[in-house]
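Listed below are the residues making up each chain.
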Amino acid sequence: MRKLLLGLLAALVLGSGAAFAQTGFWAGLSGGYPGVAVHFGVEDIGVENLDARLNLGYAYAADDGMSFGVDALYGLNLDTGELPVDLYVGGGFGLVVS
């Protein structure tokens, strides 16, 4: 079951990341302890530099459960030189279902 879920998450992120690349939507995948997560975001939701992100994850190392969350992110206009980095602050809510 874990391999199936991880495979579906990876396919979803890879497919949607390419599709949303130029539209103000984005997708990403993160992994580590205790699991993996898929992130879907929308840029500039009503206020310039304010983004929203939906998180879906699976904890394979700890509780063997699903996680859901939503975050608000505010992009900071800081000079990072030649680094292709965006800096932001934010917070949100999460729920883990075991």
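Data block above holds the structure.
Calculation notes
Residues numbered from 1 in each chain as written. Predicted model: local features only at pLDDT ≥ 70, side-chain atom pairs only at ≥ 80, totals over all residues. Heavy atoms only, no water. Pairing = 2+ DSSP bridges. Helix = DSSP H or I, 4+ residues; strand = E, 2+ residues; numbered from the N terminus. Axes fitted to C-alpha atoms, helices over the stretch in contact; angles between N-to-C directions. Patch = residues over 30% accessible without salt bridge, like charges linked within 9 Å, V, L, I, M, F, W, Y side chains within 5 Å. Areas by Shrake-Rupley, 256 points an atom, 1.4 Å probe, with all protein chains shown as cover. Salt bridge = Lys/Arg side-chain N within 4 Å of Asp/Glu carboxyl O. Lys, Arg positive; Asp, Glu negative; His and termini not counted. Charge placed at Lys NZ, Arg CZ, Asp CG, Glu CD. Buried < 20%, exposed > 50% of the residue type's maximum accessible area, 1.4 Å probe, protein only.

### As for the sheet that holds strand 2 (residues 35-42)
Strand order in the open sheet made by the 5 strands is 1-2-3-4-5, with antiparallel pairing throughout. In the strand order of this sheet, the two ends are held by strand 1 (25-31) and strand 5 (87-97), each with one partner. For this sheet the average axis-to-axis angle between neighbouring strands, irrespective of direction, equals 20 degrees. As defined by bridge partners, strand 3 (residues 50-59) adjoins strand 4 (residues 66-76) across 9 bridges and the pair is classed as antiparallel.

### A word on the pairing of strand 1
Where strand 1 and strand 2 come together, 7 bridges link them in antiparallel fashion. Residue pairing in the sheet places Gly28 in a bridge with His39 of strand 2. Remark: 3 residues form the turn of the hairpin made by strand 1 and strand 2, two consecutive strands paired antiparallel.

### Here we look at a negative patch on the surface
On the surface, Glu43, Asp44, Glu48 and Asp86 cluster together into a negatively charged patch. Among the secondary structure elements, Glu48 is positioned in the loop between strand 2 and strand 3. With relative accessibility at 63%, the residue Glu48 sits in the exposed group.

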